[in-house]
4 protein chains.
Amino acid sequence: MIIALKRDIRQEEKEHLISWLESYGVRTHVSEGEYQTVIGLVGDTTRIDTDLISGLDIVQSVTRISEPFKKANRKFHPDDTVVQVTDQVAFGGGNFQIIAGPCSVETEDQVETIAKAVKESGAGMLRGGAFKPRTSPYDFQGLHGEGIRILLEVKKRTGMPIITEIMDIGHLPLFEQVDVIQVGARNMQNFELLKELGRIRKPILLKRGLANNIKELLMSAEYIMAGGNEQIILCERGVRTFETYTRNTLDLSAVAVLHELSHLPVVVDPSHATGAARYVKPMAMAAAACGADGLMIEVHNDPKHALCDGPQSLTPEQFDDVAKAVMKIRKALV
Amino acid sequence: MIIALKRDIRQEEKEHLISWLESYGVRTHVSEGEYQTVIGLVGDTTRIDTDLISGLDIVQSVTRISEPFKKANRKFHPDDTVVQVTDQVAFGGGNFQIIAGPCSVETEDQVETIAKAVKESGAGMLRGGAFKPRTSPYDFQGLHGEGIRILLEVKKRTGMPIITEIMDIGHLPLFEQVDVIQVGARNMQNFELLKELGRIRKPILLKRGLANNIKELLMSAEYIMAGGNEQIILCERGVRTFETYTRNTLDLSAVAVLHELSHLPVVVDPSHATGAARYVKPMAMAAAACGADGLMIEVHNDPKHALCDGPQSLTPEQFDDVAKAVMKIRKALV
Amino acid sequence: MIIALKRDIRQEEKEHLISWLESYGVRTHVSEGEYQTVIGLVGDTTRIDTDLISGLDIVQSVTRISEPFKKANRKFHPDDTVVQVTDQVAFGGGNFQIIAGPCSVETEDQVETIAKAVKESGAGMLRGGAFKPRTSPYDFQGLHGEGIRILLEVKKRTGMPIITEIMDIGHLPLFEQVDVIQVGARNMQNFELLKELGRIRKPILLKRGLANNIKELLMSAEYIMAGGNEQIILCERGVRTFETYTRNTLDLSAVAVLHELSHLPVVVDPSHATGAARYVKPMAMAAAACGADGLMIEVHNDPKHALCDGPQSLTPEQFDDVAKAVMKIRKALV
Amino acid sequence: MIIALKRDIRQEEKEHLISWLESYGVRTHVSEGEYQTVIGLVGDTTRIDTDLISGLDIVQSVTRISEPFKKANRKFHPDDTVVQVTDQVAFGGGNFQIIAGPCSVETEDQVETIAKAVKESGAGMLRGGAFKPRTSPYDFQGLHGEGIRILLEVKKRTGMPIITEIMDIGHLPLFEQVDVIQVGARNMQNFELLKELGRIRKPILLKRGLANNIKELLMSAEYIMAGGNEQIILCERGVRTFETYTRNTLDLSAVAVLHELSHLPVVVDPSHATGAARYVKPMAMAAAACGADGLMIEVHNDPKHALCDGPQSLTPEQFDDVAKAVMKIRKALV
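Being a predicted model, the structure only gives us computed values, none of them experimental.

Caption draft 1: Focus on unusual backbone geometry. Residues and elements named next belong to chain B. Despite not being glycine, H144 shows a phi value in the positive range, around 55°. Turning to its location among the elements, H144 is positioned in the loop between strand 8 (125-127) and helix 4 (145-158). Accessibility expressed as a relative area gives 28% for H144, which makes it partly exposed.

Take a look at the structure:
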């Protein structure tokens, strides 16, 4: 870490800062420039809070050279992490999976029909929302426990592992038989929830927050890993920008950056990022082309219920077309 | 609500959409244009999810004319809501308060010293963090229950009502004697928490999320109000932009917009928005000048502990100067 | 266009607005709702300025249903526009081209070496900066006329058509023999320049501004087309967000949206978007996969001069690798 | 400047970089850390392009400690610059001015009526658009030369100095008698125009671009100052964010930051920032409260023509109310 100090600061302020820094067990290396003093920190700086230092009156700027995340850092774990969900289903290290299913779980029939269709088309895992984060308290909030029961029933019948979103620590017991627990964008920095998920031994799919940068996503992964749970799948699902034609702006360069900074697998959710079914195919193909380890795509079975499944959902036929196109791209990569 | 359909859509699709819309108890009013059909909805459209409709293949665009929030809406409650914390301390309807205190609670001495100083300078309420949302799992996470105990002890000695942040529903019992519960920016859309806070009868200070727009802030307030708790104080604390000189970009026009759209009081937190003590005074004065109903300012007592209190904190002397300047502005408004 | 009025507005205000609107030759269609009046406009609304109307005291909201662009609009020109640069080189309607070359033109040797290498690897067109938009007045500003002379010389020797950026109307005469004129992101809304380029008959590559949305990009294309020059190539090169790991955030969903809204070809510039050579390959592959009509990639010939060519430049060997990967993706699309 | 290199880089790459850096006349100071090498640069680093270095394969990160701007930098010019427009009208160093006038110049009557009214209310300077940057080629583009003639005529009759926007170098001769030339947000990085304005001796009002950060604004000022013209007034007019209730998000903390980093005066334009007349008063008051050196406010004379003057315009009566409120705030600052 490099800390540049302002000009004309008092000697004792400088010494106070240095001794405080060294109290964190790092070595300091001071060089006096013409206009300012620069302090270099060597050692484990992960426990030093840059935000805190950067705003001190005597400090001009702070740059972190070694990232603040350790367990998620490729520098210390060069090999890709492979998240093994079942014997057949894995993410990372060359393993690619498509997760598909309805936005929200409605009925056993609905979920089973979709599950069988997407499995037929090549999906390896079933998604479905039981707890729905909705901007409005007046919108449908999901079937909760009953929704998870339906997913587990369909899992039994189809053999597909399931993933569903958790919204509160209190609901954790309901997720015991769920294969992968999803943390949604709005909860990416719900730190109490992340800590709790660090204590269990189950893969977590962690979605990037709407306005969270790549470093913050990795720090949230670090929260879970610090607790001992290292089975994490990162998910890019679009960030919030000034653009309004798409619901969010899908940041595919994040896939390349995440693969460089971290050893964790990265999947892409083109359905939520674009908010419109007609953009899912091109974005799914682009995600596969830039090296994503998987995709998460919304599918609904029945146009009549399209309204409940949301605009970003594909029909099983459309999904089949997308899956085939994605597989073509995957082949071209070899 | 106005729904514009695409050209050349099949009649049954149109009818299916209309009948679905009417199933929500709204009246529809269809006008056929040259290039498209436009459906106008009359009645209570709050339960209709625009996101959902806007992405349908047959829909070109959706505009909500009556906002999706009702209880927080000034249209239906013209008079300012006054949040009465104690007999002496109120927000809104002409009542202005400065909330001051340390970023995080460390010791009884620290909190008491700061409390007495800021009260002397005119602060009406004491703030202090017991549970700290930290980006890094390796940063200090707060004293938790012990922190709240200290705040309550200092409340007893100084008579100042206290506000502190909640991070998880499970901690709610610890907040029984807390005067105002704060929901932080990262939890603004932690809907399960919001619902729970709707069930209690205690003022809530709801901070705007880093990337949440004004409508979403009011929808989160609506979540709490829908549960029956209408004592809500909104808080503008900066949004995330491309600018890096300040930690966030303080959006003071939000104060004017919120006062227009809603009857709820609005306070401004210049400390977290700017992330640097030297910008707190000008932004506090600006906030007072544009009609904020209060301010939330970080104060630390001891330069030696500045590092623990964070860069955005003022010394009691600096706070006294800010408070005097703010009061001058308040007088100029009369 | 749909204009929603506020409640309780005076009749004459409403009538004044309606008569003013009709003075633009559109028909109005008024429907009175419970809480507001809604005015629907039918006819050619392109000449009506929504920004202007949306802020009127009596107006609550304005939605444009038919886009404000006509000549660039696929609705009125269903077929893809093919921009034919030379007999061999075309963009759009299935034609895909890679534009490659140095960030800035330095010497004839440099440009010729790069040109021959990238042509060998499959690039169809040569790029090179003669006029460089630099954030700092102290940075290298380009060779200007001499740079263009060099490009034309190399064009003669290699037969590759050339593209280079214009920064001021006054320089236009120097571009007479240039095949395609580039308008950079910073000049996307330099409307005087756009008008001038509408008067010439030469393909224009129009880059999206750092903070301009898709509609504004198409409105800038409309400026050029309104003057009679319809040979326009749109270019996505990243938008500005809060993310700092990449220089900008490449918005690949814009490719899909632009192809839906407009008939103009769309190329992608992964070099400037990411600002780092190591991200160019995955983003180039992703761009090809989502249907871009071409790529614009920076290449430098000599690692020793890498510093002058910029961090986002590839070596000819790296470019060859990228070009081969992109061609594999293109094949997979068929 | 601090350059952190990656691990395991070849010695000759390191030496090549160092020798290249020193060729710019700076001294380098290398310290070898555990995980990387850090190079500190001492001396005048303004000519070194950080963007360029930061993307090099061997470089991990670059921090500029001394800002890249010199002439605009308060570090080298501690005293406020006072821009003296006339004997009576100055900006900076305690001088505060309100610039008022119509969005666009229509008729002599219109401008004269407004000018006399706003002068009466305390405005020191008259604004009016002759060349209008419009997003759509179909919108009114201004009266051009005739507009400037009208402004000069009204200047003669009222004695108010005038400011109007330039959009192209070619129009410069028309601006000979204009007192202050405005560079609009869209031209903030039209570097050819900035260079040209550096050659004249006339105050320039430089507006911040919609997506330009504070450093870029100061670099654009540096462009003009590098040419020898140091009479620059900076203008904050809102930046583009995800928020849609206001046209842009007014960044008032920029006023405090600019005053810290630079000696140049800073004015605020609440009219364009918010895009709605009803938000102008609170934002004008806030701007005055946080230390702005002036305001730029749109005023139209005739509600019947409100539509042509734009939604953000005030009536003379409303302006009088705003001016009085602003003056009250100014008094409170003393």
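Caption draft 2: Region of the structure containing the relation of the copies chain A and chain B. Least-squares fitting of chain A to chain B yields an RMSD of 0.0 Å, with the superposition described by an axial translation of 0.0 Å and a rotation of 180°. A rotation of that kind, with that shift, is consistent with a two-fold axis. Closest approach to the rotation axis within chain A is made by the C-alpha atom of A:A211, at a distance of 2.8 Å.

Caption draft 3: Layout of the interface of chain A and chain B. Between chain A and chain B, the residue contacts involve 52 residues of the former and 52 residues of the latter. Applying the counting rule to chain A against chain B returns two salt bridges. We note a salt bridge from B:R240 to A:E216, for which the minimum N-O separation is 2.7 Å. For the pair chain A and chain B, the number of links is 15 residue pairs in polar contact (both at pLDDT 80 or more). Those elements that provide at least two residues to the side of chain A that touches chain B are helix 1 (11-22), helix 2 (50-54), helix 5 (191-199) and helix 6 (214-226) of chain A. The biggest single contributor to the side of chain A that touches chain B is helix 6 of chain A, with five residues. Classifying every residue of the side of chain A that touches chain B gives 18 nonpolar, 15 polar and 19 charged.

Caption draft 4: Main features of the interface of chain A and chain D. Counting residues at the interface gives 22 residues for chain A, matched by 22 residues for chain D. Summed over both sides, the interface of chain A with chain D buries roughly 1900 Å², with 65% coming from carbon and sulfur. It is A:I65, A:K75 and A:F242 in chain A that bury the most area against chain D; as a group they hold 25% of the surface buried on that side. Linking chain A with chain D are zero salt bridges, by the criterion used here. Connecting chain A to chain D are zero residue pairs in polar contact (both at pLDDT 80 or more).

Caption draft 5: Spatial organisation of the relation of the copies chain A and chain D. For these two chains of identical sequence, chain A goes onto chain D by a turn of 180° and a shift of 0.0 Å along the axis, with RMSD 0.0 Å. When the interface residues of chain A are mapped onto chain D, 100% of them again fall at the interface, so both copies present the same face.

How each quantity is defined
Residues numbered from 1 in each chain as written. Chains lettered and ligands numbered in written order. Predicted model: local features only at pLDDT ≥ 70, side-chain atom pairs only at ≥ 80, totals over all residues. Heavy atoms only, no water. Helix = DSSP H or I, 4+ residues; strand = E, 2+ residues; numbered from the N terminus. Buried < 20%, exposed > 50% of the residue type's maximum accessible area, 1.4 Å probe, protein only. Least-squares fit on C-alpha atoms with pLDDT ≥ 70 in both. Contact = heavy atoms within 4.5 Å. Salt bridge = Lys/Arg side-chain N within 4 Å of Asp/Glu carboxyl O. Polar contact = N/O pair within 3.5 Å; in protein donor to acceptor, adjacent residues only side chain to side chain. Nonpolar A, V, L, I, M, F, W, Y, C, P; charged D, E, K, R; others polar. Buried area = accessible area lost by both parts, 1.4 Å probe.

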